[in-house]
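Structural characterization, general
One letter stands for each residue in the lines below.
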Amino acid sequence: MRASNLVLICFFLTIGLQAQESVEEVTSLSTRAQYPGGSKAFAKFLQDNLKYPEEAKDQNIAGKVILMFDVEKDGSITNVKVIRSANPLLDTEAIRIVKTMPKWTPATFKGEAIKSIARVPINFVLN
């Protein structure tokens, strides 16, 4: 882990499903999209690839950026958007890192891959 920063990650995934399905039925018939290897692998990816912006370090800027993006049927990431900004410098780095991720394992419903929405908060913390 880089000494200059610590990144904390949580996953909140929302899967768009048909309204007529009951909650129990949807839960038993669906899986969420996930980063290949799961949340530990995603944390490692961020640790290895995230670059805390030098200007943000110099100005002691820290905070949480929450991103939302689509996970397509093929696992590709599209439509990356900031839904909670910490600072434009941190937002830009959070978007950059998400756009460089490998394809995810897509969500499924009734055994078929479906498009889903993922939300990822990334905390930028200076030590």
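What follows is about the side chain of E93. Following the sequence through the fold, E93 ends up in helix α4 (residues 88-99). Apart from residues no more than four positions distant in its own chain, E93 is found in contact with N49, L50, K51, P53 and F124.

A few words now on the environment of V65. Assignment of secondary structure puts V65 in strand β4 (residues 63-71). V65 sits in the buried class, given a relative accessible area of 0%. Residues V65 and P88 lie 23 residues apart in sequence; the distance between their C-alpha atoms is 9.6 Å. The residues contacting V65, other than those within four sequence positions of it, are V82, R84, A86, L90, D91, A94, V120, P121, I122 and F124.

It is worth spelling out the packing of aromatic side chains at this point. Enumeration over the complete set of coordinates arrives at six aromatic pairs. With 6.3 Å between their ring centres and 85° between their planes, Y35 and W104 make a pair best called edge-to-face. Residue Y35 is located in the loop between β3 (30-31) and α2 (38-49), and its partner W104 is located in the loop between α4 and β6 (107-109); the two are separated by 69 residues in the primary sequence. For the pair Y35 and W104, one class covers both residues: buried. An aromatic cluster is built from Y35, F42, F45, F69 and W104, whose rings are joined through pairwise contacts.

The next point concerns α2. Given a rise of 1.5 Å per residue, 12 residues ought to cover 16 Å, and the 17 Å separating the end C-alpha atoms of α2 matches this to within 8%. Burial in α2 covers these residues: G38, F42, F45 and L46. The buried residues of α2 occupy one face: seen down the axis, they fall within an arc of 105°.

On to the side chain of S76. Residue position: S76 is located in the loop between β4 and β5 (77-84). Judged by relative accessible area, which is 18%, S76 ranks as buried. Side-chain polar atoms of S76 contact the side chain of D74, separated by 2.6 Å. Excluding residues that lie within four positions of it along the chain, S76 makes contacts with D70, V71 and K103.

Reading the values: the criteria
Residues numbered from 1 in each chain as written. Predicted model: local features only at pLDDT ≥ 70, side-chain atom pairs only at ≥ 80, totals over all residues. Heavy atoms only, no water. Helix = DSSP H or I, 4+ residues; strand = E, 2+ residues; numbered from the N terminus. Contact = heavy atoms within 4.5 Å. Buried < 20%, exposed > 50% of the residue type's maximum accessible area, 1.4 Å probe, protein only. Phe/Tyr/Trp six-rings, centres within 6.5 Å; stacked < 30°, edge-to-face > 60°. Expected span 1.5 Å × (residues − 1). Arc of directions from axis to C-beta. Polar contact = N/O pair within 3.5 Å; in protein donor to acceptor, adjacent residues only side chain to side chain.

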